[in-house]
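Remarks on the overall topology
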Amino acid sequence: PSCTTLTAGSIASAWSVRYQCDCTCTPNTPGFDFPLLGALVAPRPLLIMNGRRDPYFPPAGFREAGRKIRRIYALHGDAPSHRIREVEANTGHEEVPAFLREVRTWMRRWLMPEAEAMRAAELDASADEVTKPSELACLPGPPSTATNYHVHETFIRRASLALPRNLEAFQRRRAELIAELRRTVFAWFPQGTIPFATRVVGARGDYAGLYARFNEVQFDAEPGVPVRCLFLQPRDATPATPLVLVVRRGMDNVAFPDLDHLLPVLSRNRVLILNPRFSEAVLSPADANDLERTAALTGRTIAAMQVWDALRAVRWVLEDQKLCPAEITVCGRGHAGITALYAALFEERIGQVVLEEPPVSHRSGPPLLNVLRMTDVPEVVGAIAPRRVTCLPEIPREFELA
């Protein structure tokens, strides 16, 4: 590897992920980090070359990776220690003659030791010569049969959705689906107790205060990761007053707060309006790209993290606020509706999901790593049964399976 060694943390902390090739940003559901590639190579010879001024693969990353890979080689005993070599040059993200000399010396040492002395002079004489790209080209251009733009459709088989034969088969499939989603797509869900650390950050609510008791609150979805909610309660609310959780998208933040369509609901329900992480504002394409690719390196997507935020919002009401709603409804528009849907799949205390103009397939969003290997939106909608799902303005024909 030349100018390509890193750790996931190094490119995340340096915000260099936008400069990486797609192959760097793998869907990392197992929580794999790049130094573990050393375990696949060891104890075979490994030469690692990097530039100290490389902005894409900075020294902090390749040096940490090197330390970890050396530890893996050490597990094989003393003999393999000479089989790993790290070379740094005072250069950026480029191949330099010094790297070429190192490669030729390394290959000569391990692949042709019997001819090393004879070939040394010849190889060293041409070490500073760089072959022109035109001489290396194998084809004049991409062939018409190239599969690059649709290889993802053939490389991984998509799940086939089928109607269960009977209720028993449905319940078995539902349990398998939830278990598989937890094991892969949402394997990163935090375990153990996370303090909510609730903070009230506002209590006026403009005209919302005319209709309900209003608080603007923050609580931690994960340690050090706050999310913001607007919490409106009827003045005569009891602990059993039903709860409506509204999951917002970034583009929904038009006015503070846009309550007109919620006023009929507010008269008899608590309403919790959730801004999951990265929804406080519309992200620029560059920022969205940075966040999504960095999330992939940790086995997540923005959408997956927002599912966890919705789950935490429900648990905040039940566990932190000590309320016991007679019914809990979660709702959202577009992609936010699918966020609400998955929250309901994992939280049985949610009794109803309201989907407004939902996408009918993960092919159009929201993106969840590996999800199309096992299911798609219509089956997840059906898996909520026998709880209620309401679609607005109508049930999409693609939901026939549900």
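Residues numbered from 1 in each chain as written. Predicted model: local features only at pLDDT ≥ 70, side-chain atom pairs only at ≥ 80, totals over all residues. Heavy atoms only, no water.

1. As for the sheet that holds strand β9 (residues 352-356)
Selection rule: One bridge is not enough; two strands pair if DSSP finds at least two bridges between them. Secondary structure follows DSSP: runs of H or I at least 4 residues long count as helices, runs of E at least 2 residues long count as strands, and numbering of each begins at the N terminus. Here an angle of 0 to 180 degrees is reported between the N-to-C directions of two axes, which are lines fitted to C-alpha atoms, with helices fitted over the stretch in contact. In what follows, residue pairs with any heavy atoms lying within 4.5 Å of each other are defined as contacts.
Overall, mixed pairing links the eight strands, which are arranged β3-β4-β5-β7-β6-β8-β9-β10 in an open sheet. Looking at which strands have only one partner, the edges of the open sheet turn out to be β3 (199-202) and β10 (388-392). For this sheet the average axis-to-axis angle between neighbouring strands, irrespective of direction, equals 25°. Note that strand β5 (residues 225-233) and strand β7 (residues 270-275) share five bridges and pair antiparallel. Directly across from Cys229, in β7, lies its bridge partner Leu274. In the packing of helix α11 (residues 302-320) onto the sheet, contacts are made with β4 (213-222), β5, β6 (243-247), β7 and β8 (328-333), and the angle to β4 comes to roughly 125°. Contacting β6, β8 and β9, helix α12 (residues 335-346) runs over the sheet at an angle of about 150° to β8.

2. Some thoughts on α12
To be explicit about the condition: Take the number of residues in a helix, subtract one, and multiply by 1.5 Å to get its expected span. Think of it in three bands: residues with accessible area under 20% of the maximum for their type are buried, residues over 50% are exposed, and the middle band is partly exposed, with areas taken using a 1.4 Å probe on protein chains only.
With 12 residues, α12 should cover 16 Å at 1.5 Å per step; its first-to-last C-alpha distance of 17 Å lies within 8% of that length. Of all 12 residues in α12, 11 are buried, a share of seventy percent or more. The set of residues buried in α12 consists of Ala336, Gly337, Ile338, Thr339, Ala340, Leu341, Tyr342, Ala343, Ala344, Leu345 and Phe346. Where α12 is buried, its residues meet α8 (167-183), β6, α11, β8, β9 and α13 (377-383).

3. Examining the state of the cysteines
Here is the rule we go by: The criterion for a disulfide is a pair of cysteine sulfur atoms lying within 2.5 Å.
Summed over all chains, the structure comprises zero disulfides. In this structure Cys3 is not part of a disulfide, and its nearest cysteine sulfur, from Cys21, lies 12 Å away. Unpaired in this structure, Cys391 has its nearest cysteine sulfur neighbour in Cys331, at a distance of 13 Å. Owing to a relative accessible area of 11%, Cys391 belongs among the buried residues under this scheme.

4. Some points on the layout of surface pockets
Quick reminder of the rule: The method works on a 1 Å grid over the protein atoms by themselves. A cavity is a set of points holding a 1.4 Å probe that cannot get out, a pocket is an open set with protein on both sides within 12 Å along at least five of seven lines, and residues with an atom within 4 Å of a point line them. Grid points are joined across faces, edges and corners, and a volume is the space filled by probe spheres set on the points. Under the scheme applied here, ten amino acids are nonpolar (Ala, Val, Leu, Ile, Met, Phe, Trp, Tyr, Cys and Pro), four are charged (Asp, Glu, Lys and Arg), and all others, including Gly, are polar.
The space that makes up the largest pocket amounts to roughly 920 Å³. The wall of the largest pocket is formed by 25 residues, among which Pro27, His152, Ile156, Leu369 and Asn370 lie closest to the centre. When contributions to the lining of the largest pocket are tallied by element, the ones reaching two or more residues are α7 (151-155) and α10 (285-297). Element by element, the count of residues in the lining of the largest pocket is highest for α7, at four residues. Taken together, the residues of the lining of the largest pocket sort by class into 13 nonpolar, five polar and seven charged. By volume, the second largest pocket is sized at about 610 Å³. In this structure, the second largest pocket is lined by 25 residues; those nearest its centre are Val246, His261, Leu262, Cys331 and Glu356. Contributions of two or more residues to the lining of the second largest pocket are made by β6, β8, β9 and β10. Here the lining of the second largest pocket is composed, by residue class, of 12 nonpolar, six polar and seven charged.

Without other data, these values stay purely geometric and don't point to any function.
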